[in-house]
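# Structure at a glance
Each chain, letter by letter, is given below.
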Amino acid sequence: MKYQYSDSVQITPHFNSCEFRCKCGKEHEFSVSDELVQKLEQLYATLNCSKIIVTSGFRCSAHDKAVKGSGTGQHTLGNAADICCYGQDGQPISSKVVCCKAQDIGFNGIANITAAYQYTHVDVRPNGKWYGDEVHGNSTVTDDFYKYFGGEDMKGIDVSVHNGNIDWGKVKADGIDFAILRAGYGRLASQKDEKFEQNYAGAKAAGIPVGAYWYSYAMTPEEAELEADVFLSVIKGKQFEMPVYFDLEEKKQFDLGKEQVSAIMRAFLKKVENAGYFVGLYGSASSLTTHTADDIKSWYTIWLAHWVDQTNYNGAYGIWQHSEKGKVDGINGNVDMDICYKDFQTIIKGKGLNGWGKAEPTSTPAPDVPDTDVTVTIQIGKDSYKGTLKKE
Ligand SMILES: [Zn+2]
Ligand SMILES: [Zn+2]
């Protein structure tokens, strides 16, 4: 389709012609492929985006050359867009994920653009394929982005007392990158998982990032708050690189219906969130679809349980529990296997959540400052530091 520079045609629900205008500075007409926009709309839905910013759409030949293109590429034909996709949390979705989904949708040209993996080029070239990673030049890098980027997803496990005594050194050596530990269940402190302390210490000693989860029996939001209190007391003083999760999966809870179940989830999640934790929800593909309100799925990170080779769950999720029958060195019997798609560690430590705290002093010197040196104590995280400040 051809458009005038001044046009503001809503092509699909989330894309307007003006987003594809040439940015050379001259207000000239341009073309945009309908197929391109239709596929971008599909991408928007598949990734559950909050927005997609088109940083470059159509380019006239002069502008294409100015941005170091050939002057005849897909952007000059109106077949291409450079985009940044944002998730429901308002954060950019990794270009690695965008490339994989763009491949599923059938874009013929796909490439990561920047070293930060935030921007993605997609096009609907009529002939041939180009799957690139401009961090590594301009050539085709793969015929399958899942394989190409897959190596970087984190492989994990989740464990409880049912997995017995675990040799965490062997687990680490077997290539496990993270572990989610059951902290306990219900609303009594005595229901702390018997192996929680042991697993926490063992995983930490082996250098495996950990998260935790709490198994719920709550039938009301009030009970869920009590569970949250116990959970918070059990994990107090510990530091988690991965999120902590609420696990609700009892049949009698689901029998309460979606509204009550969602109210129970909100009560627990809100309380733990307010206590400074990066908290999420564990759920099966079906319970997430039928028993979990949309506001919960869009605000909290999801740990999806779906024991299949390829999940068809189409909501967003950060971790996927894909099997309950994994084998890992150092663990007797079957173990739950997980894949993590998000760099939670960076987010959690960056925000000082999950017990990490901000590296800022929380106490100040005594108000009466003497005329000499002063001795001060400051608190960083759970450690305190004492030292002398010299008077200038
Ligand atoms: Zn131009
Ligand atoms: Zn491009």
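Residues numbered from 1 in each chain as written. Chains lettered and ligands numbered in written order. Predicted model: local features only at pLDDT ≥ 70, side-chain atom pairs only at ≥ 80, totals over all residues. Heavy atoms only, no water.

On strand 8 (residues 120-123), burial covers both faces: Thr120 and Val122 on one face and His121 and Asp123 on the other are all buried. Looking at chain direction, strand 6 (residues 80-86) and strand 8 are connected through four bridges and run antiparallel. Of the residues in strand 8, the one forming a bridge with Ile83 is Thr120. (Buried < 20%, exposed > 50% of the residue type's maximum accessible area, 1.4 Å probe, protein only. Helix = DSSP H or I, 4+ residues; strand = E, 2+ residues; numbered from the N terminus. Pairing = 2+ DSSP bridges.)

Distances from the zinc ion (ligand 2) to its protein donors, namely His75 (NE2), Asp82 (OD) and His121 (ND1), fall within the range 2.0 Å. Read in sequence order, the donor residues for the zinc ion (ligand 2) give the motif H-x6-D-x38-H. Of the two residues, His75 sits in the loop between helix 2 (61-66) and strand 6 while His121 sits in strand 8, which places them 46 residues apart along the sequence. Of the two residues, His75 and His121, neither departs from the other in class, the shared state being buried. (Donors = N, O, S within 2.8 Å, 3.2 Å for Na, K, Ca; no water.)

This paragraph deals with the packing of aromatic side chains. Each pair of aromatic rings is reported with the distance of its centres and the angle of its planes. Going through the model one piece at a time under the given rule, you end up with 21 aromatic pairs. With centroids separated by 5.7 Å and ring planes inclined at 65 degrees, the aromatic side chains of Tyr200 and Phe240 adopt a geometry described as edge-to-face. Residue Tyr200 is found in helix 6 (residues 196-205), and its partner Phe240 is found in the loop between helix 7 (221-235) and strand 13 (244-247); the two are separated by 40 residues along the sequence. Ring centres of Tyr213 and Trp303 lie 5.8 Å apart, and the angle between their planes is 75 degrees; this geometry places the pair in the edge-to-face category. On the criterion of sequence distance, the pair formed by Tyr213 in strand 12 (residues 210-215) and Trp303 in strand 15 (residues 301-305) is long-range, its members being 90 residues apart. Neither Tyr213 nor Trp303 differs from the other in exposure class; each is buried. Taking NZ or CZ as reference, Arg21 lies 4.3 Å from the ring centre of Tyr5, over its face. Lying across the ring of Trp356, Lys349 places its NZ or CZ 4.7 Å from the centre. (Phe/Tyr/Trp six-rings, centres within 6.5 Å; stacked < 30°, edge-to-face > 60°. Lys NZ or Arg CZ within 6 Å of the ring centre and 35° of its normal.)

By themselves, these figures tell us nothing about what the structure is for.
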